[in-house]
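Fold and geometry: a report
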Amino acid sequence: MQAGLRVMIGLTEGPRGSWQPGRALLPLTGQVAGLGNYSLRGTRHSVGMAVLDRLARQLLVAEGWRVDRRCCADVALAAAHGLELVLLKPRRFMNLNGLSVASAAEIYSLHPEDIYLVHDDLDKALGKVVIKLGGSARGHNGVRSCISALHSNEMTRLRVGIGRPEGDVTVSSYVLAPFSTEEQVRLEPVLAQAVMLLLEHISRRRAPAGEPGDRG
């Protein structure tokens with residue numbers, strides 16, 4: 001799959017000599033947003049951001065993250081399978097993630113159907129990763145925020161299972177806690193699986209008609 005990947009990063013000089021992500025060398029045609037609480041990275045609820053970090057490494061832009069104050073997010077620009085991508089990690093609380101996603105969509109002239117939301121899913125066990133096209137938020141505050149800010153539910157979701165708490169552990173304390181030692185051992189292949197599924201989906205959506213990747 002690596003042979004099918006290209007990398008491009010556009011940077012512009014911002015205020016006081018700082019560097020901000022600029023336009024890619026070709027028009028951007030997709031956004032991948034890792035939902036989570038930026039200050040609580042490493043927790044179950046922020047597993048979407050862990051997937052974005054893994055994706056950035058695979059697309060060779062792990063050193064390309066920059067703070068973009070226009071959308072209050074960490075942003076890196078990359079490309080895969082002919083699709084120019086803006087990778088985004090909101091610097092807001094989960095229930096405000098949609099403001100960053102929508103701002104980036106406006107900045108880069110993207111539509112809701114061009115956006116992938118990567119987020120945790122309580123109703124799926126750790127190790128289960130699925131792609132879902134559109135639909136409701138299913139109780140996820142980050143997705144709900146995105147639907148509200150974008151005025152649409154057409155975004156594609158990459159849902160990463162984290163399982164439900166056992167015993168007397170509340171859902172809030174469970175999702176805001178780090179993965180257990182045992183879960184961390186299992187997490188790395190889950191992140192790899194999530195990135196593979198995402199890139200395969202991008203390839204299928206963007207392959208020209210008649211080519212092997214064109215399966216809808």
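Remember, it's a predicted structure, so these values are computed and weren't measured experimentally.

**As for the environment of Ser39**
With respect to the helices and strands, the residue Ser39 is situated in the loop between strand S4 (30-34) and helix H1 (47-58). Relative accessible area serves as the criterion here: at 59%, Ser39 is assigned to the exposed category.

**Section: the nonpolar core**
Val32, Val51, Leu55, Leu59, Leu85, Leu87 and Val160 are the most contacted members of the largest nonpolar core, which has 34 residues in total. Contributing elements (two or more residues each) for this core: H1, strand S6 (73-80), strand S7 (83-90), strand S8 (115-121), strand S10 (156-161), helix H4 (171-175) and helix H5 (181-206). No other element matches the 8 residues that H5 contributes to this core. Non-local contacts of Val160, meaning those with residues more than four positions away in its chain, are made with Val47, Val51, Val118, His119, Asp120, Asp121, Lys128, Val129, Val190 and Ala194. Core analysis: the second largest hydrophobic core is formed by 22 residues, Leu35, Cys71, Val86 and Met155 among them.

**Points about the side chain of His201**
Mapped onto the secondary structure, His201 falls in helix H5. For His201, a relative accessible area of 9% translates into the label buried. If we ignore the near neighbours within four places in the chain, the residues touching His201 are Tyr116, Ile131, Leu133 and Thr156.

**Re the confidence of the model for the protein**
When pLDDT is averaged along the protein, the result is 84, and 82% of the positions lie at 70 or above. Residue range residues 1-27 is modelled with pLDDT below 50. Its contacts to residues more than four positions away, or to other chains, number 71 contacts. Note on residues 208-216: pLDDT under 50 across the span, and 8 contacts to partners over four residues away in sequence or across chains.

**Concerning the packing of helix H2 (residues 97-107) against helix H3 (residues 141-150)**
Pairs of packed helices are described in terms of their axes, by the angle between the two and the distance that separates them. It is the contact of H2 with H3, at a shortest axis distance of 7 Å, that shows an interaxial angle of 40 degrees. Put simply, H2 runs oblique to H3. In the crossing of H2 with H3, the sense of the turn from one axis to the other is right-handed. Counting all contacts with H2, which are made through Asn97, Gly98, Leu99, Val101, Ala102 and Ala105, the residues of H3 involved are Ser145, Cys146, Ala149 and Leu150. When the residues that make up the contact of H2 with H3 are grouped by side-chain class, the tally is 7 nonpolar, 3 polar and no charged.

**Comments concerning the environment of Trp65**
By the element assignment, Trp65 lies in the loop between H1 and strand S5 (66-68). Each C-alpha atom of the pair Trp65 and Leu77 lies 8.1 Å from the other, and the pair is 12 residues apart in sequence. Setting aside anything within four residues of it in sequence, one finds Trp65 in contact with Leu52, Asp53, Ala56, Asp74, Val75, Ala76, Leu87, Leu88 and Lys89.

Rules and cut-offs
Residues numbered from 1 in each chain as written. Predicted model: local features only at pLDDT ≥ 70, side-chain atom pairs only at ≥ 80, totals over all residues. Heavy atoms only, no water. Helix = DSSP H or I, 4+ residues; strand = E, 2+ residues; numbered from the N terminus. Buried < 20%, exposed > 50% of the residue type's maximum accessible area, 1.4 Å probe, protein only. Core = buried A, V, L, I, M, F, W, Y, C linked by side-chain atoms within 4.5 Å. Contact = heavy atoms within 4.5 Å. pLDDT = per-residue confidence, 0-100. Axes fitted to C-alpha atoms, helices over the stretch in contact; angles between N-to-C directions. Parallel < 35°, antiparallel > 145°, perpendicular 65-115°, else oblique. Left-handed = near helix turned anticlockwise from the far one by under 90°. Nonpolar A, V, L, I, M, F, W, Y, C, P; charged D, E, K, R; others polar.

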